[in-house]
Amino acid sequence: MDSYTYIINDLIDHINVLKELGQRTIEIEPQVVRDLTAPIAAAASLKNAGVAQSKAQRAEGRERLSKSLLQSTKPLDAEARAQALEEIAGQVRHCTECALCQSRVKALPGQGNPNSPDVMFIGPAPDAADEQAGETFSGPGGELMTQMITAMGYEREQVFLTNICKCRPENDRAPLLDEMQACTAFLEEQIRIIRPKVIVVMGEQAIKGLFLNQSEAAAPQGRWTQYHGIPVMSTFHPKYILRFQNDAQGQQKRLKISVWSALQAVMRQTGKV
Ligand code: SF4
């Protein structure tokens, strides 16, 4: 929520990428560690008082939501699917389950092919470009996403695109764990209705978010795991790749190779190659 959380989320993302790329050590000044931890320690005691109450309220809200949503396990026909997804979209638009409702301009449930598409792509949360366009995976990251989808042999309309959180976090920071936890009932229900053949989860935070309430474990980038029996491939988010635009050390190229390798595995899984 505060700027330290934002910085630390980015730092975790960055370190994970270095790890994926084979780097095993990094240099860091002791003073940097002291500066990062001091404000967190001071803020923690203030924050804890409010957290217990808000967690209880959110747990109650989630239970209420799950009871109303998770009713049927039967596959739906196209008309019933469209209707069920519209009901979820309506609930998302009016949702106040987490603090993101206070700053959102527009909640974005996701868009695309709802009728058992080969692939459902899941990111962490919408950003400013998405809010402005009224569609998830927009802006420069969305353009790269479209290129990836096209390279796989699909149109954007043939796959489904959504996020763990349906509302944009301020300053386009990564969503927090409790925000993702509050929103996962919507995503669970979308997956149950849409029934994708494969899920591609993009970005470290989205990988964590998808498996928050699950017995299955999240897998690192480029590896398969499962979500309620659906194969899940984890990989990097296109916006993350774009951060290395002018990187002389070739990080962006290495990230693109990793993502393409993951997407080729997905294409083999769906029978596209
Ligand atoms: Fe509700 Fe999800 Fe938006 Fe939070 S992010 S307010 S849980 S729709």
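Below or above, wherever it landed, is the structure these notes cover. If you're wondering where the values come from, they're calculated on a predicted model, not measured in any experiment.

### Structural notes on the site of the ligand
Link 1 in the chain: Neighbouring the ligand are the residues C95, E97, C98, L100, C101, R104, K166, C167, A182, C183 and F186.
Link 2 in the chain: With respect to the pocket detection grid, the ligand is positioned in the largest cavity.
Link 3 in the chain: Secondary structure elements with two or more residues in the shell around the ligand: α4 (100-103) and α7 (177-194).
Link 4 in the chain: Residue contributions to the shell around the ligand peak at three residues, all from α7.
Link 5 in the chain: Looking at the shell around the ligand, its residues break down into eight nonpolar, no polar and three charged.

### A short note on empty space enclosed by the protein
Link 1 in the chain: For the coordinates displayed, the defined rule picks out two cavities of 30 Å³ or more.
Link 2 in the chain: Each pocket or cavity is described by its volume, and for the largest cavity that value is around 100 Å³.
Link 3 in the chain: Forming the walls of the largest cavity are 14 residues, and the residues nearest its centre are C95, C98, R104, C167 and C183.
Link 4 in the chain: Breaking the lining of the largest cavity down by element, the ones donating at least two residues are α4 and α7.
Link 5 in the chain: Tallied by class, the residues present in the lining of the largest cavity amount to ten nonpolar, one polar and three charged.

### Describing the pairing of strand β4 (residues 198-202)
Link 1 in the chain: A large share of β4 lies buried, amounting to five of its five residues.
Link 2 in the chain: Note: β4 against strand β6 (residues 230-235), four bridges, orientation parallel. Following the sheet pairing, M202 is matched in β6 by T235.

### What to know about the pattern of salt bridges
Link 1 in the chain: Counting across every chain of the model gives eight salt bridges.
Link 2 in the chain: Residues E135 and R156 are paired through a salt bridge, measuring 3.3 Å at the closest nitrogen-oxygen approach. Here the residue E135 occupies a position in the loop between α5 (128-133) and α6 (139-151), and R156 occupies one in the loop between α6 and β3 (160-163), the gap between them amounting to 21 residues.
Link 3 in the chain: For E135, a relative accessible area of 33% puts it in the partly exposed group.
Link 4 in the chain: Notably, a salt bridge pairs R173 with E179, separated by 2.9 Å at the nearest N-O pair.

### Some remarks on the side chain of T270
Link 1 in the chain: For T270, the location among the structural elements is in helix α10 (residues 251-270).
Link 2 in the chain: A residue is classified by how much of its surface remains accessible, and T270, at 18% relative accessible area, is buried.
Link 3 in the chain: Non-local contacts of T270, meaning those with residues more than four positions away in its chain, are made with D118, V119, Y154 and V198.

### Focus: the pairing of strand β5 (residues 224-227)
Link 1 in the chain: Across the two faces of β5 the burial differs, with T225 and Y227 buried and W224 and Q226 not buried at all.
Link 2 in the chain: As paired strands, β5 and β6 are joined by four bridges and run antiparallel to one another. Directly across from T225, in β6, lies its bridge partner V232.
Link 3 in the chain: Here β5 folds back onto β6 in antiparallel fashion, the turn holding two residues, of which H228 has a positive phi close to 50°.

Cut-off values and rules
- Residues numbered from 1 in each chain as written.
- Predicted model: local features only at pLDDT ≥ 70, side-chain atom pairs only at ≥ 80, totals over all residues.
- Heavy atoms only, no water.
- Near = heavy atom within 4 Å.
- 1 Å grid on protein atoms, 1.4 Å probe; cavity = no way out; pocket = protein on both sides within 12 Å on 5 of 7 lines; lining within 4 Å.
- Sits in = over half its atoms within 2 Å of the grid points.
- Helix = DSSP H or I, 4+ residues; strand = E, 2+ residues; numbered from the N terminus.
- Nonpolar A, V, L, I, M, F, W, Y, C, P; charged D, E, K, R; others polar.
- Points joined across faces, edges and corners; volume = space filled by probe spheres on them.
- Buried < 20%, exposed > 50% of the residue type's maximum accessible area, 1.4 Å probe, protein only.
- Pairing = 2+ DSSP bridges.
- Salt bridge = Lys/Arg side-chain N within 4 Å of Asp/Glu carboxyl O.
- Contact = heavy atoms within 4.5 Å.

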